[in-house]
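Listed below are the residues making up each chain.
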Amino acid sequence: MYHLRKLRISLISLSVCSAVCLCAGCTRSASETTSEGSGYYFDTTVSIKITDEHAETLLQGCMDICEELENTLSAREESSELYQVNHRDQNRVDISDDLAECIATALKWSEASDGVYDLTIYPVSSLWDFHAENPEVPDSEKVSGALEAVDYRNVSLDGNTITFSSDETQIDLGGIAKGYISEKLKTYLTENGCTSALINLGGNVSTVGHKDDGSEWIVGVQKPFSVRGEVLLTVGSADNCVISSGIYERYFEQDGEFYHHIIDPSTGYPTKTDLNQVTVIGSRDADCDALSTICLLLGEEKAVEFYETQNLDVTLIFTNSENEVTWYPEEPAS
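As a starting point, this report considers the structure included with it. (Residues numbered from 1 in each chain as written. Predicted model: local features only at pLDDT ≥ 70, side-chain atom pairs only at ≥ 80, totals over all residues. Heavy atoms only, no water.)

### So, the overall build of the chain
Right, on to step 1. Across its full length, the chain carries 8 helices and 15 strands.
Right, on to step 2. Each principal axis of the C-alpha atoms in the chain carries an extent, and together these give about 65 × 45 × 40 Å.
Right, on to step 3. Put simply, the chain has 334 residues, and 53% of those count as buried.
Right, on to step 4. Pairs at least 24 apart in sequence give 63% of the contacts found in the chain among residues at least 6 apart.
Right, on to step 5. Surface accessibility of the chain: about 15,100 Å² in total, with carbon and sulfur atoms responsible for 43%.
Right, on to step 6. Looking at the chain, you have 21 positive and 57 negative side-chain charges, and the mean spots of the two groups are 3 Å apart. (Helix = DSSP H or I, 4+ residues; strand = E, 2+ residues; numbered from the N terminus. Buried < 20%, exposed > 50% of the residue type's maximum accessible area, 1.4 Å probe, protein only. Contact = heavy atoms within 4.5 Å. Areas by Shrake-Rupley, 256 points an atom, 1.4 Å probe, with all protein chains shown as cover. Lys, Arg positive; Asp, Glu negative; His and termini not counted. Charge placed at Lys NZ, Arg CZ, Asp CG, Glu CD.)

This is the structure in structure tokens:
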């Protein structure tokens, strides 16, 4: 879910090093500074830390990209491009490069998972308001009716032209957008010569290069159902992303039942899973974002089976209902 808010940027040029829960080193050239900025986009807090001669300029560029992409990829903001596509008056629409690229990746994973992840979940996901003051389970007849519109096979993409075979089909990129955005930010930074940066989109962490002392960034993985910032484990990251999906991020209870925000496209209700969280470590942020959602939807055993059918260069970390951790294929050597 996305809520567009005007960003209030905090730019800090540092002469000494600071920590982000992920620590920065203290060695750099005299011309470099470290700048940090934070704001609220994509329904989450975005924090970016850059060490570079032009850190402040690059930081502003990153925040401009965040604003632009939110106004492209949000299914809920009436000013966004995706909202306009979802409320189209014809079923063949020309779209921007960014929207086409993100939808292409979402279609790829919808097809690979045979609809376990389905980019056309919006008619159902829009019924679940986890941000309401008093969230409630939607009417079962509305859920059943909305489910009839969920089928990724009703979407085809040819370059920048998207075609829908059903008037009711609507797209939600919530399971992949943050990964797509952090990947775009990394590309922007590297193309502009930046070699040290940390990007945090609400717990989805991505790194450019190493810390300025040459060591890996240390990324903390959130402990499910604990105070924000309480770490379950830490992993090293350099030119990688560490992306998690968890059932603890948005949820409510009603009549003694627990409802979280990861919706199963086959039922229209929160998925029944043996996992609290799945973390994916890899180099392609958008793919890792989608994969973390797919694995959570599948549960650990089927997620491993799915992994084995794909040509993936990633590491999975499963966190079960007791917050016990399993690495797959295996935990990297220290």
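### Some remarks on helix α8 (residues 300-309)
Right, on to step 1. All of the buried residues in α8 are Ala303, Val304, Phe306 and Tyr307. The buried residues of α8 occupy an angular sector of 160° when projected down its axis, which confines them to one face. Of the exposed residues in α8, the ones pointing more than 90 degrees away from its buried face are Glu301, Lys302 and Thr309.
Right, on to step 2. On its buried side, α8 packs onto α3 (97-112), α7 (285-298), β14 (315-320) and β15 (325-328). (Arc of directions from axis to C-beta.)

### A word on the state of the cysteines
Right, on to step 1. Counting across every chain of the model gives 0 disulfides.
Right, on to step 2. Cys62 supplies the cysteine sulfur nearest to Cys66, a cysteine that is in no disulfide, at a spacing of 6.9 Å.
Right, on to step 3. A relative accessible area of 0% means that Cys66 is categorised as buried.
Right, on to step 4. Looking at Cys102, it has no disulfide partner, and the nearest cysteine sulfur is the one in Cys66, 14 Å off.
Right, on to step 5. Taking the relative accessible area as the measure of exposure, Cys102 reaches 1% and is therefore buried. (Disulfide = S-S within 2.5 Å.)

### Concerning the sheet that holds strand β7 (residues 204-209)
Right, on to step 1. In spatial order, the strands read β1-β2-β6-β7-β10-β13-β14-β15; together these 8 strands make up an open sheet with antiparallel pairing. For this open sheet the edge positions go to β1 (33-41) and β15, each flanked by a neighbour on one side alone. On average, each strand axis in the sheet is tilted by 10° relative to the strand beside it, whichever way the strands run.
Right, on to step 2. Packing against the sheet, helix α1 (residues 55-73) makes contact with β1 and β2 (44-52), and its axis sits at approximately 15° to β1. (Pairing = 2+ DSSP bridges. Axes fitted to C-alpha atoms, helices over the stretch in contact; angles between N-to-C directions.)

### A few points about the nonpolar core
Soluble globular proteins tend to bury their nonpolar side chains together.
Right, on to step 1. One finds Ile50 and Leu173 to be the most contacted residues of the largest nonpolar core, which totals 70 residues.
Right, on to step 2. When residues in this core are grouped by element, the largest group, 9 residues, is from α1.
Right, on to step 3. Each residue touching Ile50, except ones within four places of it in the same chain, is listed here: Thr33, Thr34, Ser35, Ala55, Leu58, Leu59, Cys62, Leu189, Cys194, Ser196 and Ala197.
Right, on to step 4. Of all hydrophobic cores here, the second largest spans 11 residues; its members include Val221, Leu233, Val235 and Ile281. (Core = buried A, V, L, I, M, F, W, Y, C linked by side-chain atoms within 4.5 Å.)

### Examining the packing of aromatic side chains
Right, on to step 1. Following the criterion strictly, the structure yields 13 aromatic pairs and no others.
Right, on to step 2. On the numbers, 5.5 Å between centres and 65° between planes, the contact of Phe225 with Tyr251 is edge-to-face. One end of the pair, Phe225, is in the loop between β8 (217-222) and β9 (231-237); the other, Tyr251, is in strand β11 (residues 251-254), with 26 residues separating them in the sequence.
Right, on to step 3. Taken together, a centroid distance of 5.0 Å and an interplanar angle of 40° make the contact between Tyr251 and Phe258 tilted.
Right, on to step 4. For Tyr251, a relative accessible area of 40% translates into the label partly exposed.
Right, on to step 5. Using a relative accessible area of 27% as the deciding quantity, one classes Phe258 as partly exposed.
Right, on to step 6. The structure contains a cluster of three or more aromatic residues connected by ring pairs, namely Trp128, Phe130, Phe252, Tyr259 and Tyr269.
Right, on to step 7. Against the face of Phe164 rests Arg88, its NZ or CZ located 3.7 Å from the ring centre. (Phe/Tyr/Trp six-rings, centres within 6.5 Å; stacked < 30°, edge-to-face > 60°. Lys NZ or Arg CZ within 6 Å of the ring centre and 35° of its normal.)

### Thoughts on the side chain of Ser110
Right, on to step 1. In this fold, Ser110 is placed in helix α3.
Right, on to step 2. For Ser110, the contacting residues outside a window of four places in its chain are Gly115, Tyr117, Asp118, Leu119 and Tyr152.

### Here's the deal with the packing of α1 against helix α6 (residues 177-191)
Right, on to step 1. Between α1 and α6, the shortest axis-to-axis distance is 10 Å and the interhelical angle comes to 145°. Seen from above, α1 lies across α6 with right-handed handedness. Contacts between α1 and α6 involve Thr57, Leu58, Gly61, Cys62, Ile65, Cys66, Leu69 and Leu73 on the former and, on the latter, Ala177, Tyr180, Ile181, Lys184, Leu185, Tyr188 and Leu189. (Left-handed = near helix turned anticlockwise from the far one by under 90°.)

### Considerations on the pattern of salt bridges
Right, on to step 1. All told, the structure shown has 8 salt bridges when counted by the stated rule.
Right, on to step 2. Between Asp287 and Arg284 there is a salt bridge whose closest N-O contact spans 3.1 Å.
Right, on to step 3. Because the salt bridges share partners, they merge into one network encompassing Lys108, Arg284 and Asp287. (Salt bridge = Lys/Arg side-chain N within 4 Å of Asp/Glu carboxyl O.)

### A look at the sheet that holds strand β5 (residues 161-164)
Strand pairing in a sheet relies on backbone hydrogen bonds. The paired strands run either parallel or antiparallel.
Right, on to step 1. Here 3 strands make up an open sheet; going across it, the order is β3-β5-β4 and the pairing antiparallel. Where the open sheet ends on each side, the last strands, each with one partner, are β3 (92-94) and β4 (155-158). The sheet shows a mean angle of 20° between the axes of neighbouring strands, taken without regard to direction.
Right, on to step 2. Of the pairings in the sheet, the one linking β3 to β5 comprises 3 bridges and is antiparallel in character. Bridge pairing in β5 links Val93 to Ile162.

### With respect to the packing of α1 against α3
Right, on to step 1. Put simply, α1 and α3 touch, their axes get as near as 10 Å, and they point 65° apart. In terms of axis orientation, α1 runs roughly perpendicular to α3. Between α1 and α3 the crossing geometry is right-handed. Residues Glu68, Leu69, Thr72 and Leu73 of α1 touch α3, and the partners they reach there are Asp98, Leu99 and Cys102. (Parallel < 35°, antiparallel > 145°, perpendicular 65-115°, else oblique.)

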